[in-house]
Amino acid sequence: MNPATPGPHQRPDNLWSSRTAFILAAIGSAVGLGNIWKFPYITGENGGGAFVLVYLACIAVVGVPVLIAEVTIGRRGARSPVASMRSLTDADGTRRGWRIIGWNGIVGAFFLLSFYSVIGGWSILYIFKTAAGLFSGADADAVAGIFGAMLASPWSLLIWHSVFMALVILIVGRGIRAGMEKAINMLMPLLFLLLVVMVAYAATTGHFGRAVSFMFSPDFSKLSTESMLIALGHAAFTLSIGIGVMMSYGSYLPQHVNIARTAITIALMDTLVALLAGLAIFPLVFANGLEPGSGPGLIFVTLPLAFGHMTGGTVFGTVFFALLLIAALTSAISLLEPVTEWLEEHKGISRGKSALTGGLGIWAAGIGTVLSFNAWKDFFPLGFIPIFEGKTVFDLLDFLVSNVMLPVGGLAIALFAGWAIKRDGLDQAIGLKGPLYTAFMFVLRFLTPAGIAVVFLYNLV
Ligand code: PHE
């Protein structure tokens, strides 16, 4: 190992207590709105099983290598992304320009959480709406009306965004072991349990067979170049790579943990959850003759409509939105972590105050997203630039983070770890020996950057 100087976080009492604790936390970060909301509908739109195959290849060629690289950088630096990058570039005498990776992480996590939290707030509100039986027997217009009314009310969006952020701040402010680990140890088993309950419900009451063939029978004719790029972009988003989150989590990782094996476990579990989410959702959609390719509205409009017409729909609908909330919450805490870690280090303020300060800043930034659905819905700040035409504040933030900061961060991390970082001990740190390490480095140095560069350019044009 070649850590610059031992980092402040590598105190034995401030690390994840075990490999399992880290794995659960990282899975919690990876499994989020991306798995439960986005993966099912993009699979449906892009050729089902064929898309799943391409997606798995992207996870292997881009997702896992960057995840390994990011966690390794974090553990070596043992500080916030900004300070870790500084200490590694200093120690190795590499170019200072690489430090942008750290800043990209803090700023990206800040803005991603600002809108992620607003959508997290929707899931809290939908728990109450579903539990109150608001959707039971409702027709399509009524369900769409409920969703529209929620978006039209800035106060209601603001309140639930605030409640969601308060939960995140409370958990992160208590620290790695007392806050994050405790919450994650409770929430992750619950998430798996609720997911299994939902799949069982879908299997017994919905059109399970149709869902299975929809998701797994490959239709290569629907697989366009664009589908492949969507798969690649989603592979990065769903594994939480590119914006410092996994670097921060890696900074609390004990030295003995094998990073390669751990990263593969995380990727497999994340994929499993995404597939199970599809198996929980599509049987209900088909059973009610609804549209599987209904895009972003799938969860908040199509699904409530389905629940409204099924036996046990009120109970299981509530369970479903609780599941969505847990998935969003465990991702959100991972997004506040890099910002908190940075404030703690750079401003010398306590953990609790750092989480509160960072969280309040993010909360305030989230107001831009809240207003994007109502008062500012016709406000297009960069509308004079052709690619930003018709984009609200929320659309712009989403574009900036998902299509720019995430891929650029992932690319820079692959290049830094592949070409710039000092190699001695890297094989040991990663936990790969001989030909496996050589093969991994080949992928990381050539295939991963090439893949990300193609998606990035495509999304920009
Ligand atoms: N992986 C999360 C999801 O699928 C989103 C996320 C991206 C979280 C980047 C943290 C960092 O919803």
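Bear in mind the structure is a predicted one, so any value in this text is a computation, not a measurement.

Draft legend 1. Spotlight on the packing of aromatic side chains. Inspection of every chain in the model, using the stated rule, returns 28 aromatic pairs. The interplanar angle of 80° and the centroid separation of 5.3 Å between the aromatic rings of Phe214 and Phe286 together place this pair among those described as edge-to-face. A residue pair is termed long-range when its members are at least 10 positions apart, and Phe214 in helix H9 (residues 208-216) and Phe286 in helix H12 (residues 259-287) qualify at 72 residues. Above the face of the Phe237 ring, Lys38 is positioned so that its terminal group lies 6.0 Å from the ring centre. Across the ring face of Trp419, the terminal group of Arg445 is positioned such that the distance to the ring centre comes to 3.7 Å.

Draft legend 2. Expanded view of the layout of surface pockets. Roughly 1100 Å³ of internal volume is contained in the largest pocket. Around the largest pocket, the lining comprises 43 residues; the ones closest to its centre are Trp37, Lys38, Tyr41, Asp398 and Ser402. The set of elements that each furnish at least two residues to the lining of the largest pocket consists of helix H2 (33-45), helix H5 (100-131), helix H6 (140-152), helix H10 (225-238), helix H13 (297-308), helix H16 (393-420) and helix H18 (434-460). Residue contributions to the lining of the largest pocket peak at 9 residues, all from H16. Across the lining of the largest pocket, the residue classes break down as 28 nonpolar, 9 polar and 6 charged. In this structure, the second largest pocket is lined by 16 residues; those nearest its centre are Ala60, Val64, Pro65, Ile68 and Ile264. Every element with two or more residues in the lining of the second largest pocket is listed here: helix H3 (49-77), H12 and H18. Per-element accounting of the lining of the second largest pocket gives the leading share, 6 residues, to H3. Partitioned by chemical class, the residues of the lining of the second largest pocket number 15 nonpolar, 1 polar and no charged.

Draft legend 3. Here's a closer look at H12. Helix length check: H12, at 29 residues, gives a terminal C-alpha distance of 43 Å against a target of 42 Å (1.5 Å per residue), a fit within 8%. The element H12 is largely enclosed, with a buried count of 21 among its 29 residues. Capping the start of H12 is the job of one residue whose side-chain oxygen sits 3.1 Å from the backbone nitrogen of Ala260: Asn258. Positive backbone phi, approximately 60°, marks Gly289, located one or two places after H12.

Draft legend 4. Up close: the packing of H5 against helix H15 (residues 351-372). Following both chains from N to C, one finds H5 and H15 inclined at 60°, their axes separated by 8 Å at the closest point. The angle between the axes of H5 and H15 places the two elements in the oblique class. Of the two possible hands of crossing, H5 and H15 adopt the one that is right-handed. Contacts between H5 and H15 pair Phe110, Phe111, Leu113, Ser114, Phe115 and Val118 from the former with Gly358, Gly361, Ile362, Ala365, Gly366, Thr369 and Val370 from the latter. Residue composition of the contact of H5 with H15, by class: 8 nonpolar, 5 polar and no charged.

Draft legend 5. Here's a closer look at empty space enclosed by the protein. One pass over the structure, following the stated rule, counts 2 cavities of 30 Å³ or more. For the largest cavity, the lining is made up of 18 residues, of which Ser29, Leu112, Tyr116, Phe237 and Ser240 are closest to its centre. Of all the secondary-structure elements, those providing two or more residues to the lining of the largest cavity are helix H1 (19-30), H2, H5, H10 and helix H14 (313-346). When the residues that make up the lining of the largest cavity are grouped by side-chain class, the tally is 10 nonpolar, 8 polar and no charged. Estimated volume of the second largest cavity: approximately 50 Å³. Lining the second largest cavity, in full, are Ala69, Thr72, Ile73, Ala417, Ile421, Leu426, Ile430, Phe440, Met441 and Leu444. At the level of elements, H3, helix H17 (426-430) and H18 are the ones that each hand at least two residues to the lining of the second largest cavity. In the lining of the second largest cavity, the residues fall into 9 nonpolar, 1 polar and no charged.

How each quantity is defined
Residues numbered from 1 in each chain as written. Predicted model: local features only at pLDDT ≥ 70, side-chain atom pairs only at ≥ 80, totals over all residues. Heavy atoms only, no water. Phe/Tyr/Trp six-rings, centres within 6.5 Å; stacked < 30°, edge-to-face > 60°. Helix = DSSP H or I, 4+ residues; strand = E, 2+ residues; numbered from the N terminus. Lys NZ or Arg CZ within 6 Å of the ring centre and 35° of its normal. 1 Å grid on protein atoms, 1.4 Å probe; cavity = no way out; pocket = protein on both sides within 12 Å on 5 of 7 lines; lining within 4 Å. Points joined across faces, edges and corners; volume = space filled by probe spheres on them. Nonpolar A, V, L, I, M, F, W, Y, C, P; charged D, E, K, R; others polar. Expected span 1.5 Å × (residues − 1). Buried < 20%, exposed > 50% of the residue type's maximum accessible area, 1.4 Å probe, protein only. Polar contact = N/O pair within 3.5 Å; in protein donor to acceptor, adjacent residues only side chain to side chain. Axes fitted to C-alpha atoms, helices over the stretch in contact; angles between N-to-C directions. Parallel < 35°, antiparallel > 145°, perpendicular 65-115°, else oblique. Left-handed = near helix turned anticlockwise from the far one by under 90°. Contact = heavy atoms within 4.5 Å.

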